[in-house]
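Notes for the structure review
Each chain, letter by letter, is given below.
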Amino acid sequence: MGLPSFPATSLLLVVASATATATVAAAAPTGADDGLAVVTIIARPADPLAVPGSSFVLTEADLKRIAHTDIHRMLQAVPGVYVKDEEGLGLFPNVGIRGASSARSAKITILEDGLPAAMAPYASPASYVFPTAARMSGIEVLKGPSATLFSGGSGAPLSGLVNIVSQAPGKELAVSGAVRVGSYETTSIEGDINLPLLGDTLLFRITGDWSEANSYIDAIESEGWTLYPPLAWRESAATQHTQ
């Protein structure tokens with residue numbers, strides 16, 4: 001049986017995002033003395049054995065090794081997480097955890113830097129804007145009811161959560177870029193500039209990308225760009241505010 005026929009469709013994604021977070025440094029967990037890897041869940045240093053339930057972290061090094069811009073391909077490395085492709089481009093992720101329906105990820109909580117990605121996370125959890133791979137520095141996954149530590153309440157998804165950790169401004173001047181070319185006329189350009197403005201007190205970073213691609217599904221095309229300009233102020237050695 002062949003693929004269903006779709007009318008000609010053009011998807012244009014223009015995404016600009018700004019999130020406000022405050023990160024407070026904490027003492028190293030006791031588990032570090034036992035030679036265990038320190039796992040960061042929702043910006044909190046934690047002993048892996050002290051994290052309730054099951055958790056999994058894809059670090060920046062893991063994402064570079066996977067070397068893919070499709071969130072579905074990234075999450076396939078996480079046990080207990082399954083995905084369902086919709087348009088062949090990863091624009092509308094369908095992610096399920098431990099048997100929960102994957103339809104538009106409505107049964108799990110999607111966060112970015114600990115904040116809900118959905119505009120109405122309780123009334124319409126499937127209405128969210130998913131960040132592009134260019135601005136990701138890690139992905140954190142909590143499975144099962146342990147996700148209620150960071151979301152919950154009447155109508156909130158309880159099967160788990162996926163938290164996208166975005167690129168944060170750093171103390172060193174750095175410039176990087178990448179060009180990707182692939183099948184189905186896929187082309188993308190990424191750029192990243194990290195610029196300390198006032199020593200290590202005021203930090204700025206701008207990350208952007210543009211991409212276009214066709215799909216293995218007939219008449220599906222996409223073109224989009226994102227611009228992510230976080231600004232960080234280090235109030236003290238222990239506290240940093242990022243906007």
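Residues numbered from 1 in each chain as written. Predicted model: local features only at pLDDT ≥ 70, side-chain atom pairs only at ≥ 80, totals over all residues. Heavy atoms only, no water.

Looking now at the overall build of the protein chain. Assigned secondary structure in the protein chain consists of two helices and 19 strands. Relative to its 243 residues, the protein chain shows a buried fraction of 39%. In the protein chain, the share of contacts with a sequence separation of at least 24, taken over all contacts with a separation of at least 6, comes to 54%. (Helix = DSSP H or I, 4+ residues; strand = E, 2+ residues; numbered from the N terminus. Buried < 20%, exposed > 50% of the residue type's maximum accessible area, 1.4 Å probe, protein only. Contact = heavy atoms within 4.5 Å.)

Among the secondary structure elements, S54 is positioned in strand β5 (residues 54-58). Sequence spacing of S54 and K143 is 89 residues, and the spatial spacing of their C-alpha atoms is 5.5 Å.

The strand order across the open sheet built from five strands is β5-β12-β13-β8-β9, with neighbouring strands paired in mixed fashion. The strands lining the two open edges of the sheet, one partner per strand, are β5 and β9 (115-116). Summarising the sheet, strand β12 (residues 136-143) and strand β13 (residues 160-166) pair through seven bridges and their orientation is antiparallel. Looking at the pairing, K143 lines up with G160 of β13. (Pairing = 2+ DSSP bridges.)

Turning our eyes to something else, we now look at the side chain of E112. Assignment of secondary structure puts E112 in strand β8 (residues 109-112). When its relative accessible area of 6% is taken as the criterion, E112 is described as buried. For E112, the side chain forms a polar contact with the side chain of R135, separated by 2.7 Å. (Polar contact = N/O pair within 3.5 Å; in protein donor to acceptor, adjacent residues only side chain to side chain.)

Here we come to the packing of aromatic side chains. Within the structure shown, the criterion is met by zero aromatic pairs. Sitting above the plane of the Y228 ring, R135 keeps its charged end 4.9 Å from the centroid. (Phe/Tyr/Trp six-rings, centres within 6.5 Å; stacked < 30°, edge-to-face > 60°. Lys NZ or Arg CZ within 6 Å of the ring centre and 35° of its normal.)

Shape descriptors only; they carry no functional weight alone.
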